Amino acid sequence: MSTKLLMGNEAFAWAALKAGVNVVAGYPGTPSSELVETVARLHAQGTARGVHVEWSTNEKAALEVAAAASYCGARALFTCKQVGLNVASDALMSLNYVGVNGGLVLFVADDPGPISSQTEQDTRRFAAFAKVPVLDPSTPEEGFAMMQQAFELSERYHAPVIVRPTTRICHASTFFELPEFTEARPIPEEGFQKDPKWVIFPKRAFEGHGEVNRRLARIAWDYAFDPEFSQFNHRFENAKPLVGIVAGGVSTQYAREALTLLAQWAAEAGMVLPPYRFLAVGTPYPFPAETAAAFAEGLCDAVVFEELDSVLEEELLRLAGQRHLPLRVSGKLTGEAPDRGENSTEVLAQRLARFFDRTTGDQNFSALVEQRLASSATEPYDGPLPVRPPVLCAGCPHRGSFFAIKQALGKTPAVFCGDIGCYTLGNAKPLDAVDTCLCMGAGITTAQGFSVAQPGSKAVAFVGDSTFFASGMTGVANAVYNGHNITVAVLDNSTTAMTGSQPHPGTGVTLMGEKRKPLVIEEVLQALGVQCITFANPHNLEESVAAAQEAIQFDGPSAIIFRAPCIQLKRPDAPVVISQDTCTGCKKCITSIGCPAIGFSAAAEGPRSGKRGQAFVDASLCDGCGLCVQVCPFGAIEGAVAQPYGGARSTADSPGSNTGPLAPISLDGETPAETEEDIDD
Ligand code: SF4
Ligand code: SF4
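Predicted model only: the values in this text are computed from it and were never measured.

**Student:** Could you give an account of the overall build of the chain, naming the residues involved and the relevant values?
**Tutor:** Across its full length, the chain carries 21 helices and 24 strands. The C-alpha radius of gyration computed for the chain amounts to 29 Å, which stays within 12% of the reference 26 Å derived for 681 residues, consistent with globular compactness. For the C-alpha atoms alone, the extent of the chain along its principal axes is close to 80 × 70 × 55 Å. Across the 681 residues of the chain, 56% fall into the buried class. Contacts spanning at least 24 positions in sequence make up 79% of the contacts within the chain whose residues lie at least 6 apart. When the accessible area of the chain is evaluated, it comes to approximately 28,200 Å², of which 55% is carbon and sulfur surface.

**Student:** I'd like a description of the nonpolar core, backed by residues and values.
**Tutor:** Taken as a class, soluble globular proteins show a tendency for nonpolar side chains to be buried jointly. By size, the foremost hydrophobic cluster in this structure holds 73 residues, and its most contacted members are L77, M147, I245, L352 and F356. Each of domain 1 (2–228) and domain 2 (235–376) contributes no fewer than three residues to this core. Setting aside residues no more than four positions away along its own chain, L352 makes contact with I245, A255, A258, L259, L262, V303 and F305. Core analysis: the next-biggest nonpolar cluster, separate from the first, contains 68 residues, I486, I560, A615 and C622 among them.

**Student:** Mind laying out the site of ligand 1, listing which residues take part and the relevant values?
**Tutor:** The environment of ligand 1 is made up of 14 residues, and the closest members are C583, C586, K587, C589 and C632. Here the shell around ligand 1 is composed, by residue class, of 10 nonpolar, two polar and two charged.

**Student:** Explain the site of ligand 2 to me, and be specific about the residues and the numbers.
**Tutor:** Inspection of the region around ligand 2 gives 13 residues, with C595, C622, C625, G626 and C628 positioned closest. Looking at the shell around ligand 2 residue by residue, the classes come out as nine nonpolar, three polar and one charged.

**Student:** A description of the pairing of strand 18 (residues 486–492) should follow, citing residues and the corresponding values.
**Tutor:** Most of strand 18 sits out of view: seven of its seven residues are buried. The alternating pattern of strand 18 places I486, V488, V490 and D492 on one face and T487, A489 and L491 on the opposite face, and all of these are buried. For the handedness criterion, the β-α-β arrangement of strand 17 (residues 458–464), helix 17 (residues 465–482) and strand 18 is classed as right-handed. Here strand 18 pairs with strand 20 (residues 558–563) via six bridges, running parallel. Counterpart to L491 in the pairing with strand 20 is F562.

**Student:** So what about the sheet that holds strand 20? Which residues, and what values?
**Tutor:** What the five strands build is an open sheet, ordered 16-17-18-20-19; its pairing is parallel. Both outer strands of the open sheet, strand 16 (414–417) and strand 19 (532–536), are each paired with one neighbouring strand and no more. If you compare each strand with its neighbour and ignore which way they point, the axes differ by 20 degrees on average. Across six bridges, strand 17 lies against strand 18 in parallel orientation. Residue pairing for strand 18: V463 is matched across the bridge by V490. Along the sheet, helix 17 makes contact with strand 17 and strand 18, crossing strand 17 at roughly 145 degrees.

**Student:** Mind laying out the packing of aromatic side chains, listing which residues take part and the relevant values?
**Tutor:** Going through the model one piece at a time under the given rule, you end up with 17 aromatic pairs. Ring geometry for F236 and Y276: centres 6.4 Å apart, planes at 70 degrees, overall edge-to-face. Of the two residues, F236 sits in strand 11 (residues 233–237) while Y276 sits in strand 13 (residues 276–281), which places them 40 residues apart along the sequence. Through a chain of ring-to-ring contacts, the aromatic side chains of F236, Y276, F278, F355, F356 and F365 assemble into a single cluster. The ring of F600 carries the charged tip of K587 above its face, separated from the ring centre by 4.6 Å.

Calculation criteria
Residues numbered from 1 in each chain as written. Chains lettered and ligands numbered in written order. Predicted model: local features only at pLDDT ≥ 70, side-chain atom pairs only at ≥ 80, totals over all residues. Heavy atoms only, no water. Helix = DSSP H or I, 4+ residues; strand = E, 2+ residues; numbered from the N terminus. Rg over C-alpha atoms; globule rule 2.2 N^0.38 Å. Buried < 20%, exposed > 50% of the residue type's maximum accessible area, 1.4 Å probe, protein only. Contact = heavy atoms within 4.5 Å. Areas by Shrake-Rupley, 256 points an atom, 1.4 Å probe, with all protein chains shown as cover. Core = buried A, V, L, I, M, F, W, Y, C linked by side-chain atoms within 4.5 Å. Domains from an automatic or database assignment. Near = heavy atom within 4 Å. Nonpolar A, V, L, I, M, F, W, Y, C, P; charged D, E, K, R; others polar. Right-handed = clockwise from strand over helix to strand, strands pointing away. Pairing = 2+ DSSP bridges. Axes fitted to C-alpha atoms, helices over the stretch in contact; angles between N-to-C directions. Phe/Tyr/Trp six-rings, centres within 6.5 Å; stacked < 30°, edge-to-face > 60°. Lys NZ or Arg CZ within 6 Å of the ring centre and 35° of its normal.

Structure below.
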């Protein structure tokens, strides 16, 4: 054993490996991604032995891979972020009825804030809808213990179990005692046992629903009384309290810290904190009603702190109603707790002070807290702040793609349907090329709705290569089937860039390190029946505009593949330089493409700019993509321009030539298979 500092997600990975997990499958998404990457890294170094780990094409595929492994008796772990569970939900709803064999744990990371998500949905709520039990850690250490217990619970009840951390738990770091290596648990020799129960016919679903309901009652009992699980519901109190505080997840830690602060500040001010009872709920669903009932005994008032939805508050209200308890319950629903976003120690100190003021009535804790928080606040900084709007990286190939599409459209009215990925940042000015963004893969299908309802506008969909494989292909099939007049711009940067450069089916590299025949986007488009497919290197403006025009002018579903690697996957080229002799200070380079490597100095002077100021390039940021060289109308930017992609074009007039150049980009560190010999069976 040795002691190591681990991020929460790394600790979850170790916990699953210690539990003998056989199969790990997920789809990347912040704040969950590091778990799968940790398993892959430990496997590659020989530390995690016998485990299979993969990035699946999307969350639904990942859960179905994990489900079948579990049917065979293997322990399986599925990972995603909260919105990923929406994609996997079709499988999950049925799987819970069908049941599992080997322990199957769903690691679903929630994102209060949200910091990097399109919604703030609460997986505890989703779990209740799906009737799947949940464990909700308040610290990485607790999460480590919960992950191992989740496999036990899953096997005890033949049910999938969700472990639901939030961002701060996923990304906080602490020390863990770890073995030198882990070994996957042997999969039972009998393997998959054929049985009608695995086939979800309506009759089976009716039976399964009954099984689900019965086991939820038993799990709620286990949560309350079985030490293996009741350990996750902590309770403490001081003498004869009349009020209670309930917290779940990371809010448990914020509330406890806030109470410590309040007690300290009260003592210093000669005040006395009223006695209270505290309940931390780590097993929110099915709600441990008996634990909560014991907590509520003798209390007349309770406040609930939790992030995202009012799940615990509603359960406590229900309990009070069912058992006729003289308990007033407050929280999000009553405005006594923040209704969304992340909590913090400071916010909960304020809310607790108000709660104590209301329930005790004779002391002013709120004034005390406000005074203490004001005195401990750091002096506000009143100097200039760096301007750091979310923006595409300098040298990002998406910049040229967006710019070229808009150039190609000219004054043609258009709607730009964006999607989930780095390229959502194309909505920022000056590119201003994302009008809608709904969910993974929706750009291609919403464009079709626009093409029907607003045929006077050209509907253009943007989709990344990873999203194309995850959720875009069925949308293309729909466009071809229904003959929708849209152009799909595939922004192929050969990686899943936004979540940390994970491989995908188009890269030809798996997480286990094997080389596979890459799926080729143009082959998929062609197979789906797209008749016009054009290609361009997005750093080459002339080629990109021409290719975009050809695709846009095509009557029917068309596609343009903009292909250039993410800057994280390549070495930067030589930075460009702006000639002070030539720059006129017109700012076209700034107002047209918005590259963060280009700034403007109002003090700079030159023969053509006079005192108007001049643009400059920050060589430490510039990737040398050369896009700005092609944008400057005065030739003031000196640097190399990217070679055209040079791919064959295709239109309906020349069917058969539309395969284009099929060889994917060869990337530093991630070389796709090039020959048949390179491809593993
Ligand atoms: S570099 Fe070119 S585009 Fe930029 S401000 Fe100077 S002249 Fe204008
Ligand atoms: S070459 Fe121009 S557009 Fe490309 S990264 Fe450098 S400054 Fe930005």
